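# Structural overview for review
Each chain, letter by letter, is given below.
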Amino acid sequence: MKFRLDEHPSVWLFLVSLVILATSIVINVLYDWAIYALVAIFIAVAAVLVLGYSMVKDISMFVQKRNQYYASHPEEREHDDDEDRD
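Residues numbered from 1 in each chain as written. Predicted model: local features only at pLDDT ≥ 70, side-chain atom pairs only at ≥ 80, totals over all residues. Heavy atoms only, no water.

### A closer look at the nonpolar core
Rules: Here the nonpolar core consists of buried residues drawn from Ala, Val, Leu, Ile, Met, Phe, Trp, Tyr and Cys, with membership extended through side-chain atoms lying within 4.5 Å. Only protein chains enter the accessibility calculation, which uses a 1.4 Å probe; a residue is then buried when its area is under 20% of its type maximum, exposed when over 50%, and partly exposed in between. Each helix corresponds to a stretch of at least 4 residues labelled H or I by DSSP, and each strand to a stretch of at least 2 residues labelled E; elements are numbered beginning at the N terminus. What makes two residues a contact is simply this: any of their non-hydrogen atoms within 4.5 Å.
Listed in full, the six residues of the largest apolar core are Val11, Phe14, Leu21, Ala44, Val48 and Met55. Of all elements in the fold, only α1 (9-30) and α2 (35-72) reach the threshold of two or more residues within this core. Residues contacting phenylalanine 14, with those up to four places away along its chain left out, are Val48, Leu51, Gly52 and Met55.

Set out below in structure tokens:
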């Protein structure tokens, strides 16, 4: 059982929210920290927090389910370890 990024879009969404946060900071610097530009930073920070929490929760749920699966199928763990070495 492997963690595939195409099955977990929360990772991509978190990275996009970081890019949006960086972009909003650049826009704020260009517009001398105007109030309407500050609103973009607050929204971007909220998105980073929500999507970061979602990503961490998604990864922790994957690890928990993987551990449960390996507990019930110990032969699969040995098979997956062999594939990782190739």
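### Here we look at the side chain of asparagine 28
Following the sequence through the fold, asparagine 28 ends up in helix α1. For asparagine 28, the contacting residues outside a window of four places in its chain are Trp33, Ala34, Ala37, Leu38 and Ile41.

### Observations concerning the packing of aromatic side chains
Condition: Centres within 6.5 Å are what make two rings of Phe, Tyr or Trp a pair, Trp counting through its six-membered ring; a difference in plane orientation under 30 degrees is then read as stacked, over 60 as edge-to-face, and the rest as tilted.
Enumeration according to the criterion identifies two aromatic pairs in this entry. Seen in terms of ring centroids, tyrosine 69 and tyrosine 70 are 6.0 Å apart; in terms of plane orientation they differ by 55°. Their pairing is tilted. For tyrosine 69, a relative accessible area of 30% corresponds to the partly exposed category. Relative accessible area serves as the criterion here: at 9%, tyrosine 70 is assigned to the buried category.

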